[in-house]
Amino acid sequence: MNIKLEKSWKNILSDEFSKEYFQKLTTFVKSQYTQKTIFPHPKNIFRAFNQCPFDMVRVIIIGQDPYHGDGQAHGLCFSVPKNIKAPPSLVNIYKEIAQDIGIEMPTSGNLNSWSKQGILLLNATLTVEAHIAGSHQNKGWEKFTDSAIKLLSNKRDNLVFLLWGAYAHKKSDLIDEKKHLILKAPHPSPLSAHRGFLGCRHFSKTNKFLASKNLGEINWDIN
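The rules behind these values
- Residues numbered from 1 in each chain as written.
- Predicted model: local features only at pLDDT ≥ 70, side-chain atom pairs only at ≥ 80, totals over all residues.
- Heavy atoms only, no water.
- Helix = DSSP H or I, 4+ residues; strand = E, 2+ residues; numbered from the N terminus.
- Contact = heavy atoms within 4.5 Å.
- Pairing = 2+ DSSP bridges.
- Axes fitted to C-alpha atoms, helices over the stretch in contact; angles between N-to-C directions.
- Buried < 20%, exposed > 50% of the residue type's maximum accessible area, 1.4 Å probe, protein only.
- Core = buried A, V, L, I, M, F, W, Y, C linked by side-chain atoms within 4.5 Å.
- Phe/Tyr/Trp six-rings, centres within 6.5 Å; stacked < 30°, edge-to-face > 60°.
- Disulfide = S-S within 2.5 Å.

(A) Seen up close, the side chain of Asn92. Considering the arrangement of structural elements, one finds Asn92 in helix H5 (residues 88–101). Sequence-distant contacts of Asn92, defined by excluding residues within four places in its chain, comprise Pro188, Ser189, Pro190, Ala193, Phe197 and Leu198.

(B) Spotlight on the sheet that holds strand E3 (residues 119–123). Pairing in this open sheet of four strands is parallel, and the strands run E3-E2-E5-E6 from one edge to the other. Edge strands, defined here as strands with exactly one partner in the open sheet, are E3 and strand E6 (181–185). The mean angle between the axes of side-by-side strands here comes to 20°, regardless of whether they run parallel or antiparallel. Both strand E5 (residues 160–164) and E6 contribute to a ladder of five bridges, which runs parallel. Bridge assignment links Trp164 to a residue of E6, and that residue is Ala185.

(C) Looking closely at the pairing of strand E2 (residues 59–63). A large share of E2 lies buried, amounting to five of its five residues. Of the two faces of E2, the one holding Val59, Ile61 and Gly63 and the one holding Ile60 and Ile62 are both buried throughout. Sheet topology note: the E2/E3 ladder contains five bridges and is parallel. Among the inter-strand pairings, Ile62 is bridged to a residue of E3, identified as Leu122.

(D) The nonpolar core, seen in detail. Judged by nonpolar contacts, the single largest core of 69 residues is most densely connected at Trp9, Phe49, Ile61, Trp114, Leu120 and Phe144. Setting aside chain neighbours within four positions, we find Phe49 in contact with Leu5, Glu6, Trp9, Leu13, Leu120, Leu122, Leu126, Phe144 and Ala148.

(E) Structural context of the packing of aromatic side chains. Applying the stated rule across the entire model yields 16 aromatic pairs. Where Phe46 meets Phe49, the ring centres are 6.5 Å apart and the plane angle is 50°; that geometry is what we call tilted. Consider the rings of Phe203 and Trp220, whose centres lie 4.8 Å apart with planes at 85°: the pair is edge-to-face. In this pair, Phe203 is assigned in helix H9 (residues 202–212) and Trp220 in the segment after H9, connecting sequence segments 17 residues apart. As far as the burial class goes, Phe203 and Trp220 line up, both buried. Here a set of aromatic residues connected by ring pairs shows up, and it is made of Trp9, Phe17, Tyr21, Phe22, Phe46, Phe49, Phe54, Trp141 and Phe144.

(F) Spotlight on the environment of Ile38. With respect to the helices, strands and loops of the structure, Ile38 is situated in strand E1 (residues 38–39). A residue is classified by how much of its surface remains accessible, and Ile38, at 6% relative accessible area, is buried. Considering only alpha carbons, one finds Ile38 and Leu210, 172 residues apart in sequence, at a separation of 37 Å. Among residues more than four places away in sequence, those in contact with Ile38 are Gln32, Tyr33, Thr127, Val128, Glu129 and His136.

(G) Spotlight on the state of the cysteines. According to the stated counting rule, one finds zero disulfides in the structure shown. For the unlinked cysteine Cys200, the closest cysteine sulfur is that of Cys77, found at 14 Å.

(H) Unusual backbone geometry, seen in detail. A cis amide bond links Phe39 with the next residue in sequence, Pro40, at an omega value of -5°. With respect to the element layout, Pro40 can be found in the loop between E1 and helix H4 (47–50). In this structure, Phe78 takes a positive phi of about 70° despite not being glycine. By the element assignment, Phe78 lies in the loop between E2 and H5. Its identity as a non-glycine residue notwithstanding, Arg201 has a phi of 60°, on the positive side. What makes Arg201 partly exposed here is its relative accessible area of 45%.

Shown next as structure tokens:
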């Protein structure tokens, strides 16, 4: 696997590439792409990092693994390409933004503009086999992305971590809550959004925190 990673991330994560787990992960992922249909396209595996350099990160949203439906995954958690219908979880994210800060529901599911504003849209697992959810979990990706989260926590200040759902909540153990704002809510999936994701007001809370640190607010409107 050719690691085409943005310069600042490649530098700060350089120790990971020589570790045994990453070597095994590389071998596994390469073989999967030659034998099966794997998402996202190889050029988009590290897209979350490549569009959001280490020193530009302001907010981190953590997903579990890429969408496994045709044409959906493009390297940013919860996001889909422009002409693909927004999945149900993303629709609920949009509903909460509309309720929280009054932005009209977007027509596109592409969160590219968030990424370029310093929102790291990070899946814990960066690849998946088509139509098999969680198929590349426990192969090493989680160690790699956990390292990225820990490095952000240790080397940066005043970041906002949005942790939605029980899986993401566990990542709080990697984060220094004395330095950063951690906001937790149920997952935006239709199965759980009504249990507290809708009404969590994470988007206005994020902007209030960033403004208090003179770090500039996020424009959540992708229209």
